[in-house]
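# Topology and contacts: notes
Here is what each chain is made of, one letter per residue.
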Amino acid sequence: MEEDRPLLSPAVQDGELDADMEKMDKEAETKNEEELPWYRTLTPYKLYVLLILLVTYLLNQLDRYMLAISSKAMAQEIHFGDKACMKNSSVSDSALGGIKCEKLTSEYSCRNATNNQTHDSGICYYDYNGQGLEYQIVAGPAFTVIYTFGGIFISYIAEKYNRKAMLAICLMFWSVMTLLTGFVKEYWQLVILRFGLGFGESGCGPFAVSILTDYFTPETRGFALGIYNWGIYFGYSMSYAFGNFVSLANINGQGWRWTFILSGIPGILVGVLMLFTLKEPERKQDPLNLSGSAFERLGKTLRNFCSPSLLLICLAGSIRNASGYVFAYNTQLYFTQIGQTPEQIGKYLSWIPLVGGSFSVLLGGFISDRLVRRLGLYSRILVIGVSLLIAAPFAAGTLYFDPPGAYFFQIPTYIFGEMWVGITLAVVVELVPSEIKTTAVAAYLFIISNIGGNANLLVPPLAQHFESQHYSKSDSLRYTLFCMYAGPFVFCIPVYFLSMFVLKRDYKRAQETPYLEMEEECPEKNSATT
């Protein structure tokens, strides 16, 4: 006897047939793509997507680090942070008569410093120098706290909804925050806008990385993430060009304000272009279908991010990221303290991070992609460790030698010291089920940004400690950067290598275990391993 079953209408049957055929076509297309040589999978449209996301990340970094370049001028107009003795820019070096203004510690001695030959006064002035706890707060926690917490919640939404649209909205939002910074009158307004900037930028990394990993095959993923991470160095270098040369142009007599206005406008235009020209890529697997409240669903997702290898990689990345944050927000201040002018700083740092960093992430991604075929996932960690070990002496040389040698030491520092960025992201997305890769990236960025981004708060007390030992402000900042910038290049290497002991097991588990099953098993397996 034939089993009773509901009859489907021809329209429904045709619809199911079309869906099955479409699924089969996509599976066949994916299989064919995997069989092609890696360079044949790089279609023009994929490269266009990569270009748009590169520009987005460029603007992300440009808008973020504009504060670091303009902090001195902002502090002197808005009045925040520490005060110090500085050389009057209208006085030539020969007219100083051997006086070093930065070594004068009191306001009285600064204002009354005179040339031993002509006895002219006014060669030094005492004013806000753009440093201090209030500066480190807007550079660190005011941005980082909302950036990291926002990234976690935004990325969870990205697992279920249109990532391209949300990335475009985030881009336009943080661009408006940047533009409005050019109009601040009070310190509290700057703090609020940094909060807004952090919230907008929190969606950039998770959305962009998730889109790229769905567009590019595993063989080209390191290459794509390496190109994408060029945005760090394009944007960071441009911040020196904008922050120094646009301020010197003094447009409409408003100096530093136009650096923020001109940096904010392009993001609004790119956001509109993204909305109308980018296609949301097909997810490698279906979006999550979890029950419970948003917090319960988030908790279930984050419990998958608990493997020992990922936690060790996050710790190592946090140490290295702390180094980057500290130097990025204190580079301009350091070179200014040792007597460099904005023109001199902009002349070198508007291209050195761009050339060195861009070459680094591209080379690192290419090498790790080639080695991973022969040595497996271990090769990515090996590349990170070796590159950081080579870079460490050059990072120290930047602080030990005087300009222009100090600037040129930054070239090998960037070439070898920035390979970790794209390679670490590639490892993170390979160690989690594909359904939660966006949240995994956000969790990774949450951890390394909270630790690294708030490391700036250690700069003022460390510098004050060296000042209490009778070092000048410039020397105190130099020795602080030895501890907080050059040191972490070495400190993070053993932590990276420790992850190799559990890397293979965690990778195999992420590839073979379904997401929901993993969520249930994770606490038990963690307790067993500990």
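Everything numeric here is computed off the predicted structure, so don't read it as measured data.

## Let's talk about the overall build of the protein
- Along its length, the protein carries 24 helices and two strands.
- For the protein, buried positions account for 53% of its 530 residues.
- A sequence separation of at least 24 residues applies to 83% of the contacts in the protein between residues at least 6 apart.
- Surface exposure of the protein reaches about 23,300 Å², of which carbon and sulfur atoms provide 63%.

## Regarding unusual backbone geometry
- Cis rather than trans, the peptide bond between Pro 403 and Pro 404 has omega equal to 5°.
- Position of Pro 404 relative to the elements: it lies in the loop between α17 (378-400) and α18 (405-417).
- Even without being glycine, His 79 reaches a positive phi, approximately 70°.
- Even without being glycine, Asn 250 reaches a positive phi, approximately 55°.
- One can find Asn 250 in the loop between α10 (230-249) and α11 (257-277).
- Classification of Asn 250 by relative accessible area gives partly exposed; the value is 40%.

## Regarding helix α13 (residues 308-328)
- If you check α13, its first and last C-alpha atoms are 30 Å apart, about what 21 residues at 1.5 Å a residue would give, namely 30 Å.
- Among the 21 residues that make up α13, 15 are buried, leaving the element largely enclosed by the rest of the structure.

## So, the state of the cysteines
- Scanning the entire structure with this criterion turns up one disulfide.
- With its sulfur 2.2 Å from that of its partner, Cys 85 forms a disulfide with Cys 110. A torsion of 80° about the S-S bond marks the disulfide between Cys 85 and Cys 110 as right-handed. Taken as a pair, Cys 85 in strand β1 (residues 83-87) and Cys 110 in helix α3 (residues 107-111) lie far apart in primary sequence, 25 residues in all. Each member of the pair, Cys 85 as well as Cys 110, carries the same accessibility label: buried.
- Left unpaired, Cys 170 is separated from the closest cysteine sulfur, that of Cys 204, by 8.5 Å.

## Details of the packing of aromatic side chains
- As enumerated under the stated definition, the model contains 26 aromatic pairs in all.
- An angle of 80° between the planes, with centres 5.1 Å apart, marks the rings of Tyr 236 and Tyr 240 as edge-to-face. Separated by four residues within a single helix, Tyr 236 and Tyr 240 lie in helix α10, roughly one turn from each other.
- Assessed through its relative accessible area of 6%, Tyr 236 is described here as buried.
- The class of Tyr 240 is buried, set by a relative accessible area of 0%.
- Relative to Tyr 329, the ring of Tyr 325 lies with its centre 6.2 Å away and its plane at 10°, an arrangement referred to as stacked. The two residues Tyr 325 and Tyr 329 agree in class, both being buried.

## Concerning the side chain of Thr 424
- Inspection of the secondary structure assignment puts Thr 424 in helix α19 (residues 420-430).
- Looking at Thr 424, the relative accessible area reads 1%, which means it is buried.
- Looking at Thr 424, its side chain comes within polar contact range of the main-chain oxygen of Trp 420, at 2.5 Å.
- Non-local contacts of Thr 424, meaning those with residues more than four positions away in its chain, are made with Ile 313, Ile 384, Tyr 444 and Tyr 496.

## Looking at the pattern of salt bridges
- If you walk through the whole model with that rule in mind, you get seven salt bridges.
- Notably, a salt bridge pairs Arg 64 with Glu 201, separated by 3.0 Å at the nearest N-O pair. Of this pair, Arg 64 sits in helix α2 (residues 44-78) while Glu 201 is found in helix α7 (residues 187-201), placing the two residues 137 residues apart along the sequence. The burial state of Arg 64 is the same as that of Glu 201; both residues are buried.
- Notably, a salt bridge pairs Lys 473 with Glu 467, separated by 3.5 Å at the nearest N-O pair.
- The exposure class of Glu 467 is partly exposed, given its relative accessible area of 30%.
- What you see here is one network of salt bridges that share partners, running through Arg 163, Asp 214 and Glu 280.

## Considerations on the packing of helix α8 (residues 204-215) against helix α9 (residues 218-228)
- For the pair α8 and α9, interaxial distance at closest approach is 10 Å and the crossing angle is 145°. Between α8 and α9 lies a crossing whose hand is right-handed. Residues Cys 204, Gly 205, Ala 208, Val 209, Leu 212 and Thr 213 of α8 touch α9, and the partners they reach there are Arg 221, Ala 224, Leu 225 and Tyr 228.
- Residues that form the contact of α8 with α9 fall into these classes: seven nonpolar, two polar and one charged.

## Concerning the side chain of Ser 387
- For Ser 387, the location among the structural elements is in helix α17.
- Each residue touching Ser 387, except ones within four places of it in the same chain, is listed here: Phe 416, Gly 417 and Met 419.

## Some details on the environment of Ser 106
- Secondary-structure assignment places Ser 106 in the loop between β1 and α3.
- Overall, the relative accessible area of 31% leaves Ser 106 in the partly exposed class.
- The sequence separation of Ser 106 and Cys 85 amounts to 21 residues, and the corresponding C-alpha distance is 7.6 Å.

## Here we look at the nonpolar core
- Counting residues in hydrophobic clusters, the biggest one holds 122 residues, and the most contacted among them are Tyr 135 and Tyr 228.
- Once you skip the residues sitting within four places of it in the chain, Tyr 135 turns out to touch Leu 67, Ala 68, Ser 71, Phe 80, Gly 130, Tyr 329 and Leu 333.
- Ranked by size, the runner-up nonpolar core spans nine residues in total, among them Cys 85, Ile 99, Ile 123 and Tyr 126.

Rules and cut-offs
Residues numbered from 1 in each chain as written. Predicted model: local features only at pLDDT ≥ 70, side-chain atom pairs only at ≥ 80, totals over all residues. Heavy atoms only, no water. Helix = DSSP H or I, 4+ residues; strand = E, 2+ residues; numbered from the N terminus. Buried < 20%, exposed > 50% of the residue type's maximum accessible area, 1.4 Å probe, protein only. Contact = heavy atoms within 4.5 Å. Areas by Shrake-Rupley, 256 points an atom, 1.4 Å probe, with all protein chains shown as cover. Expected span 1.5 Å × (residues − 1). Disulfide = S-S within 2.5 Å. Phe/Tyr/Trp six-rings, centres within 6.5 Å; stacked < 30°, edge-to-face > 60°. Polar contact = N/O pair within 3.5 Å; in protein donor to acceptor, adjacent residues only side chain to side chain. Salt bridge = Lys/Arg side-chain N within 4 Å of Asp/Glu carboxyl O. Axes fitted to C-alpha atoms, helices over the stretch in contact; angles between N-to-C directions. Left-handed = near helix turned anticlockwise from the far one by under 90°. Nonpolar A, V, L, I, M, F, W, Y, C, P; charged D, E, K, R; others polar. Core = buried A, V, L, I, M, F, W, Y, C linked by side-chain atoms within 4.5 Å.

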